[in-house]
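Coordinate analysis (summary)
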Amino acid sequence: MNIVRALLLKGSESRWLRERGTKYRFVRRATSRFMPGETLDDALAASKALGVGTVLTHLGENLKSPDEALEVTRHYLNVLERVRASGLDVEVSVKLTQLGLDFSQELGEKNLLTLAERARSHGKWLWVDIESTAYTDATIEVYRRARAAFPTVGLCLQAYLYRTAADMESLIAMGAGIRLVKGAYREPPDKAFPKKSDVDENYFRLAKTLLSPETRAKSVRAIFGTHDPVLIGRIEAAARSLGLSPTDVEFQMLYGIRRQEQLRLAAQGYRFRVLISYGAAWFPWYMRRLAERPANVLFVLKNLVGR
Ligand SMILES: Cc1cc2nc3c(=O)[nH]c(=O)nc-3n(C[C@H](O)[C@H](O)[C@H](O)COP(=O)(O)OP(=O)(O)OC[C@H]3O[C@@H](n4cnc5c(N)ncnc54)[C@H](O)[C@@H]3O)c2cc1C
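First, a word on what this report is: a plain description of the structure on this page. Please read all numbers here as calculations on a predicted model, not as lab measurements.

Thresholds, definitions, all that
- Residues numbered from 1 in each chain as written.
- Predicted model: local features only at pLDDT ≥ 70, side-chain atom pairs only at ≥ 80, totals over all residues.
- Heavy atoms only, no water.
- 1 Å grid on protein atoms, 1.4 Å probe; cavity = no way out; pocket = protein on both sides within 12 Å on 5 of 7 lines; lining within 4 Å.
- Points joined across faces, edges and corners; volume = space filled by probe spheres on them.
- Helix = DSSP H or I, 4+ residues; strand = E, 2+ residues; numbered from the N terminus.
- Buried < 20%, exposed > 50% of the residue type's maximum accessible area, 1.4 Å probe, protein only.
- Polar contact = N/O pair within 3.5 Å; in protein donor to acceptor, adjacent residues only side chain to side chain.
- Contact = heavy atoms within 4.5 Å.
- Near = heavy atom within 4 Å.
- Areas by Shrake-Rupley, 256 points an atom, 1.4 Å probe, with all protein chains shown as cover.
- Sits in = over half its atoms within 2 Å of the grid points.
- Pairing = 2+ DSSP bridges.
- Axes fitted to C-alpha atoms, helices over the stretch in contact; angles between N-to-C directions.

1. Considerations on empty space enclosed by the protein
Sizing a probe to match a water molecule and rolling it over the atoms shows the empty space that remains. One pass over the structure, following the stated rule, counts one cavity of 30 Å³ or more. In this model, the largest cavity occupies a volume close to 40 Å³. As for the largest cavity, its lining consists of Phe-34, Leu-254, Tyr-255, Leu-275, Ile-276, Ser-277, Trp-285 and Arg-289. Elements with a minimum of two residues in the lining of the largest cavity: β8 (271-278) and α13 (283-292).

2. Here's the deal with the side chain of Asp-228
Mapped onto the elements, Asp-228 comes out in the loop between β6 (221-225) and α11 (229-241). Looking at Asp-228, the relative accessible area reads 13%, which means it is buried. A distance of 3.0 Å separates a polar side-chain atom of Asp-228 from the backbone nitrogen of Val-230. Not counting residues within four places of it along the chain, the set of residues in contact with Asp-228 comprises Lys-182, Lys-196, Asp-200 and Arg-258.

3. Here we look at the site of the ligand
With respect to spatial proximity, 27 residues lie near the ligand, and among them Lys-182, Lys-196, Thr-226, His-227 and Glu-292 are the closest. Contact between the ligand and Gln-158: an oxygen atom at 2.9 Å from a side-chain N or O atom of the residue. Protein burial of the ligand: of its 930 Å² of free accessible surface, 89% is covered by the chains. The site holding the ligand turns out to be the largest pocket. A per-element tally of the shell around the ligand places strand β7 (residues 250-254) first, with three residues.

4. A short note on the sheet that holds β8
Spatial strand order, β1-β2-β3-β4-β5-β6-β7-β8: eight strands in a closed barrel with parallel pairing. Mean inter-strand twist for the sheet, computed between neighbouring axes without regard to direction, equals 30°. Summarising the sheet, β7 and β8 pair through five bridges and their orientation is parallel. In the strand pairing of β8, Glu-250 is matched with Arg-271. Against the sheet, helix α4 (residues 40-50) makes contact with β1 (53-58), β2 (90-94) and β8, and its axis sits at roughly 155° relative to β8, the strand it touches most. On the sheet, helix α7 (residues 136-149) packs against β3 (126-128), β4 (153-158) and β5 (177-181) and is oriented at approximately 155° with respect to β4.

Shown next as C-alpha cells:
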C-alpha cells in the first residue's frame, strides 16, 4: 500500500488526531469540498440544488451506549420523514455500527429492520454501508435477514476483499441490492488485494457479473460506486456490448468528487445518484477521502494559507 495512503488511513483511526484536527479552521474549511455542511438541512438543500437523486448518510462517532444507537435510529426515522415531506428523490445509507452492532448483533439488526420497514412504507430503498473486515461477517448476516424481510434493502460490497466474489454470488442468488465499491479501510494483505491494479481488475470482474443476464434475471439492483474513469469506461463498454441501455445501468459518486463526470453520466441517461455525507463527526471519514487521493492533502494545506 502506498505509504501516504497507509499513514492517512492510520490517522483516520487516531482519537488524538480527531480531537485536535477538527478544531482547526483550515481543516474544517477544506472539508466543505466533500460535504455541504454538518446538518440534515444542509444535506437536503444540497440534494435540491444538485437536481439529481442523492443518498444521505449521517457521520457518527463510535457509540458509547445502546441508547445512542436508538438516537441514531430516531435521527434516520426523522430523515425519512423529512425526505417524504420534501418530495425529493433521496435514499438513505446507514452503518450498522451506528445502529448498535458493537453492543450486539440483535440490536443492530432490530434498528436496521425498523428503518427498513419505514423506508419501504415510504417507497424508498435503504442502504447498508460496509465497514472494516472486523464487521463484514456480521454485516452480511444481518443484511441477509433484512433482505429476506424487505426487498428494498441494499448492501455495499468492497472489491478489494478476496471474499467479495463469493459473498456477491450468494447475495445475487437472493436478489439483493448491491452497491459495488473498491473499499476504503486499512486491511491486511491476507484479506484484501494490496495492489491497486488487482483491486481495479477485481472490480471489473465483479461489475461484469453484476451486468450479466443471469444476475439481471434475479432482479438485482446493481450500483457502481466509483469515480475511476477507466473503470467507468470499461463498465459502459461492457454494458453496451450486452445490449444494455444507459437506463439499465446505475452509477453513484461521492459529493464533490469528479463533478464533470457526474454531470456527464446524468446527461447521458445513466441512472445516477450522489452520496452526501453530513454530521459533526466527519474526521475519520474525511481522512479516508484524503487517503483515496493523497494529492488532496495539498488542497488542505492550500486552505491553511488561502482565503
Ligand atoms: C456511492 C459510494 C458509496 C461508498 N460506500 C462505501 C462503503 O460503504 N464502504 C467502503 O469501504 N467504501 C465506500 N465507498 C468508498 C470507496 O470504497 C472508495 O474508497 C472510493 O470510492 C474511491 O475509489 P474509486 O472507485 O473512486 O477509485 P480510485 O482509484 O480511488 O479513484 C479514481 C479517481 O477518482 C478520483 N477520486 C477518487 N477519490 C477521490 C477523492 N477522495 N478526492 C478527489 N478525487 C478522488 C480521482 O480522480 C481518482 O484518480 C463508497 C464510494 C461511493 C462512490
